[in-house]
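For reference, the chains in residue letters:
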Amino acid sequence: MKTSPKGLTPSEYIGIESELGAHNYKPLDVILARGEGVWVWDTDGNKYLDCLSAYSAVNQGHCHPVIRQAMLDQAEKLTLTSRAFRNDQLALFYEDICALTGTHKVLPMNSGAEAVESALKAARKWGYEVKGVPEDQAEIIVCENNFHGRTLAIVGFSTDPTARNNFGPFAPGFKVIPFGDSEALAAAITPNTVAFLVEPIQGEAGVIIPPAGYLSAVREICSDQNVTLILDEIQTGLGRTGKLLAEEHDGIEADVTLVGKALSGGFYPVSAVLSSTEVLGVLKPGEHGSTFGGNPLACAVARTALRVLVEEGMVENSAEMGAYFQDALSSINSDVISEVRGRGLLIAIELTEEAGDARNYCNALQERGILCKETHLKIIRFAPPLIITKDQIDWAMEQIRPVLAA
Ligand SMILES: *Cc1c(COP(=O)(O)O)cnc(C)c1O
């Protein structure tokens, strides 16, 4: 084994990853070694403002000291029991997340994709046992350009060729309709429809905000037709859009809400299905599970991640700083920007046809100490931790303006 006090050089890290790892990502060539709040440092000590926040998993900022302490404390006591036994953290996690979100029942899982899969399973079972759908006929409606994760069932109803090509055959029972079109939903529902799965704002698609009134129309249609409305808030939830849950912007309540990512503040994979009693109520012992789901370490971390989000005013800060950042970005006078859009601190800049690839701008921003990632060819997403300050945004604008005005 080759080790040195300074570790490897960047090109050595990249070489080893390239040789030994599956090439399922194309990361920026920055090797991060430390993070604190909105900042991360590479192995050479260069400092960057993180404008991706691990796809909104570190809303609370990197290595939040209170969450870290909770993790260390719990790690010294008990980390994993499996659900074969009870542990003294799970009930407290249930209480906290239910009180905060107005939820009636919780199913704890680990990754976001697992939460999505779990919700789909529960919705199908609800369809057969409560709604009375004939055996194996359940239909679930999803939207074009959705992103719900990477498992087989989920990529089976993706419309992104890169996500699905050559991974089939896929699970049947899914129907795809345009996003933002409530009439298409009404038309697609049949007596066998058990659920509509949708993101309140499509994050991976490029921060696509549906037309005003869409979600309330969707809510009404689902209620009328006895269809479970499942909102995937894995990216939009937990303060990212300036509300605890993005559904609050429209004054609606989903039947099932999926959270993950920032549920642990980035320390640990924790996700959850939050639902009305009826839908999760169909699951009985042995019918679903996860070895790590609901483990005491995850529960202790998640409780603290939720607490700091609220106690430290991160949701309000997201609304305020999001508006400030979006205004500042909109004020850039540039031929390469076609649109700035967003809600809270989930912001995207869409580039014009002539602009060239978004990746080039991300590389230029990296040179100036800002890390962000392109979504698709022409979109740059700005989603810093929710603790970002005005001064930090002002500094960021000094870096972003010349890159985009060019
Ligand atoms: C990230 C994401 C997921 C998947 O989460 P993983 O933890 O990567 O499995 C699902 N839905 C949305 C909207 C996401 O942004």
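What counts, and at which threshold
In this convention, every chain numbers its residues from 1, walking through the sequence in written order. Only residues with pLDDT of at least 70 are given local features in this predicted model, and only at 80 or more are side-chain atom pairs given and counted; all residues enter the totals for whole chains, interfaces and linings. The basis for every side-chain value is the complete set of non-hydrogen atoms in the structure, without hydrogens or water. Nonpolar cores are built from buried Ala, Val, Leu, Ile, Met, Phe, Trp, Tyr and Cys residues. Side-chain atoms within 4.5 Å join them into one set. Burial classes follow relative accessibility: with a 1.4 Å probe on protein chains only, a residue under 20% of its type's maximum area counts as buried, one over 50% as exposed, and anything between as partly exposed. Each helix is a run of DSSP H or I of at least 4 residues and each strand a run of E of at least 2, with the numbering of both proceeding from the N terminus. What counts as a domain boundary in this text is fixed by an automatic or database domain assignment. Any two residues whose heavy atoms approach within 4.5 Å at even a single point are treated as in contact. For this analysis, a ring pair means two rings from Phe, Tyr or Trp (six-membered ring only for Trp) whose centres lie within 6.5 Å, classed as stacked if their planes differ by under 30 degrees, edge-to-face if by over 60, and tilted for the remaining angles. Each ring is checked for a lysine NZ or an arginine CZ that lies within 6 Å of its centre and within 35 degrees of its normal; such an atom marks a charge sitting over the ring. When two components associate, each loses some accessible surface as probed by a 1.4 Å sphere; the sum of these losses over both components is called the buried area. Definition used for salt bridges: Asp or Glu carboxyl oxygen within 4 Å of a side-chain nitrogen of Lys or Arg.

Asker: Honestly, the nonpolar core in this entry has me stumped. Any pointers?
Answerer: In summary, soluble globular proteins display a tendency toward joint burial of nonpolar side chains. Judged by nonpolar contacts, the single largest core of 63 residues is most densely connected at Leu-263, Leu-329, Phe-382, Ile-400 and Leu-404. Per-element tally for this core: the top contributor is helix H11 (residues 296–311), with nine residues. For this core, the domains that each give at least three residues are domain 1 (10–60 + 313–405) and domain 2 (65–311). In this structure Phe-382 touches Cys-51, Phe-325, Leu-329, Leu-345, Leu-346, Ile-347, Ile-349, Leu-365, Cys-372 and Ile-400, once residues within four positions along its chain are discounted. The next biggest cluster of nonpolar side chains, apart from the first, holds 28 residues, and it includes Val-194, Ala-195, Val-273 and Val-282.

Asker: What should I look at first to understand the packing of aromatic side chains in this one?
Answerer: Aromatic ring pairs are defined here through the distance separating the ring centres and the angle between the ring planes. By the definition in use, this model includes five aromatic pairs. When the centroid spacing of 4.5 Å and the interplanar angle of 40° are considered together, the rings of Phe-157 and Phe-174 count as tilted. Of this pair, Phe-157 sits in the loop between helix H6 (152–156) and helix H7 (161–164) while Phe-174 sits in strand S6 (residues 174–177); the two residues are 17 residues apart in sequence, bridging distant segments of the chain. Neither Phe-157 nor Phe-174 differs from the other in exposure class; each is buried. On the basis of an interplanar angle of 70° and a centroid distance of 5.6 Å, the ring pair of Phe-179 and Tyr-214 is categorised as edge-to-face. With a gap of 35 residues between them, Phe-179 in the loop between S6 and helix H8 (182–188) and Tyr-214 in helix H9 (residues 214–225) connect regions that are remote in the sequence. Of note, Lys-47 hangs over the ring of Trp-39, and the distance from its end group to the ring centre comes to 4.3 Å.

Asker: Is there a simple way to explain the side chain of Gln-74 in this structure?
Answerer: Here Gln-74 shows up in helix H3 (residues 65–77). Those residues in contact with Gln-74, other than ones at most four positions away along the chain, are Gln-89, Pro-296, Leu-297 and Ala-300.

Asker: I tried to follow the domain arrangement of the chain on my own but got confused; where do I start?
Answerer: By a widespread convention, an interface's size corresponds to the accessible area lost as its parts come together. Parsing the chain into structural domains produces domain 1 (10–60 + 313–405) and domain 2 (65–311). Taken over C-alpha atoms, the centre of domain 1 sits 26 Å from the centre of domain 2. With 28 residues of domain 1 at the contact, the number on the domain 2 side is 29 residues. Carbon and sulfur atoms make up 57% of the area that domain 1 and domain 2 hide from each other, which totals about 2200 Å². Between the two partners, domain 1 and domain 2, sit one salt bridge.

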